[in-house]
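This is what each chain is made of:
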Amino acid sequence: MAIPEPKDQWYVLHVLSGQENNVKARIERKVREEELSELVYRVEVPTELISEVRAGKKTERRVKLFPGYVYTNMYLREADGELNNDLWYFIQMIDGVISIAGVSKGTKGPKPQPMRPREVADLLNLLDSQNVTSRPKVEFAVGDAVRVSEGPFESQEGIIEEIDPEKGKLRVSVTIFGRSTPVDLEYWQVEKA
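Quick caveat: nothing in here was measured; it's all calculated off a predicted structure. (Residues numbered from 1 in each chain as written. Predicted model: local features only at pLDDT ≥ 70, side-chain atom pairs only at ≥ 80, totals over all residues. Heavy atoms only, no water.)

Trainee: Any chance you could explain the overall build of the protein here in plain terms?
Mentor: Helices and strands together make up the secondary structure of the protein, namely three helices and 14 strands. Counting contacts in the protein only where the partners sit at least 6 residues apart, residues at least 24 apart contribute 58% of the total. Summed over all atoms, the accessible surface of the protein reaches about 11600 Å², with 49% contributed by carbon and sulfur. (Helix = DSSP H or I, 4+ residues; strand = E, 2+ residues; numbered from the N terminus. Contact = heavy atoms within 4.5 Å. Areas by Shrake-Rupley, 256 points an atom, 1.4 Å probe, with all protein chains shown as cover.)

Structure follows, in structure tokens:
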């Protein structure tokens, strides 16, 4: 595999689970302190926005997409494949870093492999879209029994007939005056029965 240009090299760091943001902050602080910004360009912890209902109120929070991993854009390998040993040891010494994923043992020492261009493109698309929309925490399926928790049909029970994940809406069949009636509701207006 050809080594990408310096600014196109992305690596996956395996870190202690729950320490992803701390590791990111440590790397960024050490890069500033040791003036390594010409070698370490970006450090990312991909997240997504999850919406849920707590105590009757709709809330949103960030959840890590890949617990235990931090993505780093850094100049770790030369075009000829040689390893930048100073940067290699710098990353290995950050508290919370377990290893760099994709390291093969070569005859001349470790050879960390950068992410493939397609993987990098997918990662960058994910990072660009992580602030766009929120995803509901609860997953529903057609045929699930639910109870309406908010709105004019509050406390009614029904069965999910259709799901529109793009809009975050459900079509629920509830019984009104002895007849089954389809009602369009938001994800956060129902809970599993």
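Trainee: Sorry if this is basic, but what is going on with the sheet that holds strand β12 (residues 169-176) here?
Mentor: The strands that make up a sheet are held in pairs by hydrogen bonds between backbone atoms, and each pair lies either parallel or antiparallel. Here we have five strands laid out as an open sheet, ordered β13-β12-β11-β10-β14, and antiparallel in their pairing. Strand pairing shows two members of the sheet lacking a second neighbour, β13 (179-186) and β14 (190-192), which therefore form its edges. Here the strands of the sheet are splayed against their neighbours by 45° on average, with no regard to which way each runs. For β12 and β13, the ladder comprises eight bridges, and the chain directions are antiparallel. (Pairing = 2+ DSSP bridges. Axes fitted to C-alpha atoms, helices over the stretch in contact; angles between N-to-C directions.)

Trainee: Any chance you could explain helix α3 (residues 117-129) here in plain terms?
Mentor: Two residues of an α-helix separated by three or four positions point the same way, owing to the 3.6 residues in each turn. Taking 1.5 Å per residue, 13 residues should reach 18 Å; α3 reaches 18 Å between its end C-alpha atoms and fits that length. Residues of α3 that are buried include every one of Val120, Leu123 and Leu127, and no others. The buried residues of α3 occupy one face: seen down the axis, they fall within an arc of 65°. Projecting away from the buried face of α3 at angles above 90 degrees are the exposed residues Arg118 and Asp128. (Expected span 1.5 Å × (residues − 1). Buried < 20%, exposed > 50% of the residue type's maximum accessible area, 1.4 Å probe, protein only. Arc of directions from axis to C-beta.)

Trainee: Please explain the pattern of salt bridges as it appears in this structure.
Mentor: Side-chain pairs of opposite charge can arise whenever the charged atoms involved come near each other. Counted under the stated rule, the structure contains 14 salt bridges. The partner of Arg147 in a salt bridge is Glu157, with the nearest N and O atoms 3.3 Å apart. Of the two residues, Arg147 sits in strand β10 (residues 145-148) while Glu157 sits in strand β11 (residues 157-164), which places them ten residues apart along the sequence. The class of Arg147 is partly exposed, set by a relative accessible area of 30%. Since its relative accessible area comes to 47%, Glu157 is described here as partly exposed. A salt bridge links Arg147 to Glu191, with the shortest nitrogen-to-oxygen separation between them at 3.5 Å. One end of the pair, Arg147, is in strand β10; the other, Glu191, is in strand β14, and 44 residues separate them in sequence. Ionic contacts of the salt-bridge type, sharing partners, join the residues Arg147, Glu157 and Glu191 into one network. (Salt bridge = Lys/Arg side-chain N within 4 Å of Asp/Glu carboxyl O.)

Trainee: How should I be thinking about the pairing of β12 in this particular structure?
Mentor: As a general feature of sheets, a regular strand has side chains that alternate between the two faces. In this structure, β11 lies alongside β12, joined through six bridges in antiparallel fashion. The residue bridging Ile163 from the neighbouring strand is Leu170, located in β12. Joining the antiparallel neighbours β11 and β12 is a turn of four residues, in which Gly168 adopts a positive phi near 70°.

Trainee: Got a minute to help me understand the sheet that holds strand β1 (residues 10-15) in this structure?
Mentor: Spatially, four strands are ordered β2-β5-β1-β6 in an open sheet, and the strand pairing comes out antiparallel. A strand with exactly one partner marks an edge of an open sheet, and here the two such strands are β2 (40-44) and β6 (97-100). Put simply, the sheet's adjacent strands are angled 30° from each other on average, direction ignored. Sheet topology note: the β2/strand β5 (residues 69-74) ladder contains four bridges and is antiparallel. Looking across to β5, one finds that Glu44 is bridged to Tyr71. Contacts from helix α2 (residues 85-92) reach β1, β2, β5 and β6 within the one sheet, and its direction differs from that of β6 by about 145°.

Trainee: Looking at this model, I keep getting lost on the nonpolar core. Mind explaining?
Mentor: A general tendency of soluble globular proteins is for nonpolar side chains to be buried together. In this structure, Leu13, Ile27, Met74, Leu76, Leu87, Ile91 and Ile100 are the most contacted members of the largest nonpolar core, which totals 23 residues. Mapped by element, the contributors of at least two residues to this core are β1, α1 (20-33), β2, β5, α2 and β6. Looking at which element gives the most residues to this core, the answer is α2, with four residues. Setting aside anything within four residues of it in sequence, one finds Leu13 in contact with Ile27, Gly68, Tyr69, Val70, Thr72, Met74, Ile91, Ser99 and Ile100. Listed in part, the eleven residues of the second largest apolar core include Phe140, Val148, Val172 and Val183. (Core = buried A, V, L, I, M, F, W, Y, C linked by side-chain atoms within 4.5 Å.)

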